[in-house]
Amino acid sequence: MSVITSRVGPACFSHLRQHGYAVVDGAFGLAAAQGFRSEIQTLHDDGHLYLNHTHVVEPAPVGSPKGSQPTTELVAKEHIFETEMFLEGVRRAAPRLADVAETHAPALMRHLDEGFGSAGLGLSHVTVKVQYNRGGGGCFPMHFDTAPRLDTRKLTAILYLNDGWQHSDDGGQHSEPEGQGPAKPAKDKGGQLRLYPIPAPPVDVNPAMDRLVLFSSPEMLHRVLPSKVPRYCLTMWFYADPAHHSAAPHTVAPHTAGESCDRAPSANESVGDALAVLLQPRFRRHLCKLAYADEWAQSIVESHAKNGAEDSGGSLRLHYVGGVQAVVDKHYTDAGVISKALTGVLAKELALPSKAHAADLLNVVVAEIADGNERNQGVLGGPWFT
């Protein structure tokens, strides 16, 4: 048995199912974790890591010849370097990390599949990536790791390898190692993993040494906050067998199903009904983008390389490498389209008297989520794994 499988127990699986994520401390032991970090530093120093980029895919312009292909632009993220553990040269240069990829990650995959019960997740293979954030504000924008129609990833596990950040009750279900109790988070360093278990408020998790964070790859929105200091981690992505994987969205009936629609529901009831509809996986990702539209845009800007500034009418305007402004503009365009689409969804699903009523209801739901309304604190946003 791999040491990491003994740390991922029933409480972890329960938190994963209910909240879409879980946090486990003492995953490998301090000495092993420090060895992993040392090898990532060596990989960086020896030139094995490459700069991370966002892939921006744009469809062919309207009026383009038939068969025109979309274009892809790479937009660099500042200070983020990484590589994959399947590369032979990387494995030779980092034998401890190679052992994680070859032994511990597959063992954890089997353990996770068994832990989800008789049906399991149908996990069949795992890939491993290492990452070095050299600080200076290096971060990641808000994103989902995948979507059901893109690939069969089910679960993400990130092992953090950083001194200076404290273990604390900042991220849900923990399994504290011996002699290491909760402490206050070191927020001044930045670099936290922010999870969005919608409709509950966001959760910030310190990237502390030997801490494992697991979450749903297609369903958990997340980002990395700007880090002021160097930051190391190892990511494992667990994939389902294609025969077990379904790209079709899972549908959950709203809790008003079967009720008569010939009465006007109360305000609270309407909001609850709307939330039940919009938390279905086929709508949830879109609701996230709408509820966190401004923070999402800001995270895009923060994550990508700046190459200068100009004075425009007395205000300082930064220029970004590549098409970052175009990415932000597209993001807001998408949010507008989503707003109209979800208004139509609510009007239809809840048999509302008008689209104006549906739009007002959507605005209330979005505002409550964006403001971290306490009423949503205990609301579960699942199903997180299907």
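So, here's what we can say about the structure. On a predicted model such as this, the values are computed, not experimentally measured, just so you know.

### A few points about unusual backbone geometry
Okay, so step 1: For the bond from isoleucine 198 to proline 199, the omega torsion is 15°, close enough to zero to count as cis.
Okay, so step 2: Looking at the secondary structure, you find proline 199 in the loop between β7 (193-196) and β8 (203-205).
Okay, so step 3: With a phi angle near 65°, aspartate 210 is a residue other than glycine that sits in the positive phi range.
Okay, so step 4: In this fold, aspartate 210 is placed in the loop between β8 and β9 (211-216).
Okay, so step 5: Classification of aspartate 210 as buried rests on a relative accessible area of 4%.

### Regarding the pairing of strand β1 (residues 21-25)
Okay, so step 1: The buried count for β1 comes to five of five residues, which makes it a mostly enclosed element.
Okay, so step 2: Relative to β9, β1 runs antiparallel, the two being bridged by five bridges. What sits directly across from tyrosine 21, in β9, is phenylalanine 215.

### Section: the environment of alanine 33
Okay, so step 1: Mapped onto the fold, alanine 33 is located in helix α3 (residues 30-45).
Okay, so step 2: With 128 residues separating them in the primary sequence, alanine 33 and leucine 161 have C-alpha atoms 6.1 Å apart.

### Looking at the sheet that holds strand β5 (residues 138-143)
Okay, so step 1: Spatial ordering of the open sheet is given by β5-β10-β7-β8, a layout of four strands whose pairing is antiparallel. Edge positions in the open sheet fall to β5 and β8, since each of these has one partner strand only. The average undirected angle you get between the axes of adjacent strands in this sheet is 25°.
Okay, so step 2: Pairing of β7 with strand β10 (residues 221-227) involves four bridges; the strand directions are antiparallel. Residue pairing for β10: tyrosine 196 is matched across the bridge by leucine 221.
Okay, so step 3: In the packing of helix α8 (residues 293-303) onto the sheet, contacts are made with β5, β7 and β10, and the angle to β5 comes to roughly 145°.

Cut-off values and rules
- Residues numbered from 1 in each chain as written.
- Predicted model: local features only at pLDDT ≥ 70, side-chain atom pairs only at ≥ 80, totals over all residues.
- Heavy atoms only, no water.
- Helix = DSSP H or I, 4+ residues; strand = E, 2+ residues; numbered from the N terminus.
- Buried < 20%, exposed > 50% of the residue type's maximum accessible area, 1.4 Å probe, protein only.
- Pairing = 2+ DSSP bridges.
- Axes fitted to C-alpha atoms, helices over the stretch in contact; angles between N-to-C directions.
- Contact = heavy atoms within 4.5 Å.

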